[in-house]
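# A look at the structure
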Amino acid sequence: QVQLVESGGGLVQSGGSLRLSCAASGFTFSIYYMSWHRQAPGKERELVAGISASGGSTNYADSVKGRFTISRDNAKNTVYLQMNSLKPEDTAVYYCNVRRFGRTDTWGQGTQVTVSS
């Protein structure tokens, strides 16, 4: 069974940091691009960051460039999102995603990140 489990969310003050983790199971983690997305209340889900299978290539939304860093540990089947200099507008539920076979999306349950001003 393909499964993604996020952790690491919480409440933090503006300017603070959090590190999200996403533990994957049930598929060959090391061959897939992985990504983090977020959804704020009343807004559509948006891509935050993505990382290639090897970890050698990453991409970020303009709104988080220079503040967030995505990484992965293929030995642990885990992808991370280090979030620094957090802003109130980063408040959202953060989801981990894998798309297999070019069309099959699997999402985690999400982890809430709340940034207070």
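Source: prediction; values computed, not measured.

Following the sequence through the fold, Ser-116 ends up in strand 11 (residues 111-116). Look at Ser-116 and you get partly exposed, because its relative accessible area is 28%. Sequence-wise, Ser-116 and Lys-87 are 29 residues apart; in three dimensions their C-alpha atoms are separated by 7.8 Å. Non-local contacts of Ser-116, meaning those with residues more than four positions away in its chain, are made with Leu-11, Val-12, Gln-13 and Ser-14.

Counted by the stated rule, this structure contains three aromatic pairs. Between Phe-27 and Phe-29, the ring centres sit 6.4 Å apart and the planes meet at 55°, which makes this aromatic pair tilted. Residue Phe-27 is classed as buried on the basis of its relative accessible area, which comes to 12%. Of the residues examined, Phe-29 reaches a relative accessible area of 1% and is grouped as buried. Ring pairs connect the aromatic residues Phe-27, Phe-29 and Tyr-32, which therefore count as one cluster. Between the NZ or CZ atom of Arg-19 and the centre of the ring of Tyr-80, over which it lies, the distance is 4.0 Å. When the ring centre of Trp-107 is taken as reference, the NZ or CZ atom of Arg-45 above it lies at 4.4 Å.

Before going further, it helps to spend a moment on the pairing of strand 3 (residues 18-25). As judged from the five bridges shared by strand 1 (residues 3-7) and strand 3, these two strands associate in the antiparallel manner. Among the inter-strand pairings, Leu-4 is bridged to a residue of strand 3, identified as Ala-24. Relative to strand 8 (residues 78-83), strand 3 runs antiparallel, the two being bridged by six bridges. Across the sheet, residue Leu-20 finds its bridge partner in strand 8, namely Leu-81.

Moving on to the nonpolar core. Core analysis: the largest hydrophobic core is formed by 29 residues, its most contacted members being Met-34, Trp-36, Val-79, Leu-81, Met-83 and Tyr-94. Within the residue set of this core, elements represented by two or more residues are strand 3, strand 4 (34-39), strand 5 (46-51), strand 7 (68-73), strand 8, strand 9 (92-100) and strand 11. Dropping the residues within four chain positions of it, Leu-81 is found in contact with Leu-18, Arg-19, Leu-20, Trp-36, Val-48, Ala-49, Phe-68, Thr-69, Ile-70 and Tyr-94.

Read from one edge of the open sheet, four strands run 1-3-8-7, paired in antiparallel fashion. Edge positions in the sheet fall to strand 1 and strand 7, since each has one partner strand and no second. With strand direction ignored, the average angle separating the axes of adjacent strands in the sheet is 15°.

Scoring rules and cut-offs
Residues numbered from 1 in each chain as written. Predicted model: local features only at pLDDT ≥ 70, side-chain atom pairs only at ≥ 80, totals over all residues. Heavy atoms only, no water. Helix = DSSP H or I, 4+ residues; strand = E, 2+ residues; numbered from the N terminus. Buried < 20%, exposed > 50% of the residue type's maximum accessible area, 1.4 Å probe, protein only. Contact = heavy atoms within 4.5 Å. Phe/Tyr/Trp six-rings, centres within 6.5 Å; stacked < 30°, edge-to-face > 60°. Lys NZ or Arg CZ within 6 Å of the ring centre and 35° of its normal. Pairing = 2+ DSSP bridges. Core = buried A, V, L, I, M, F, W, Y, C linked by side-chain atoms within 4.5 Å. Axes fitted to C-alpha atoms, helices over the stretch in contact; angles between N-to-C directions.

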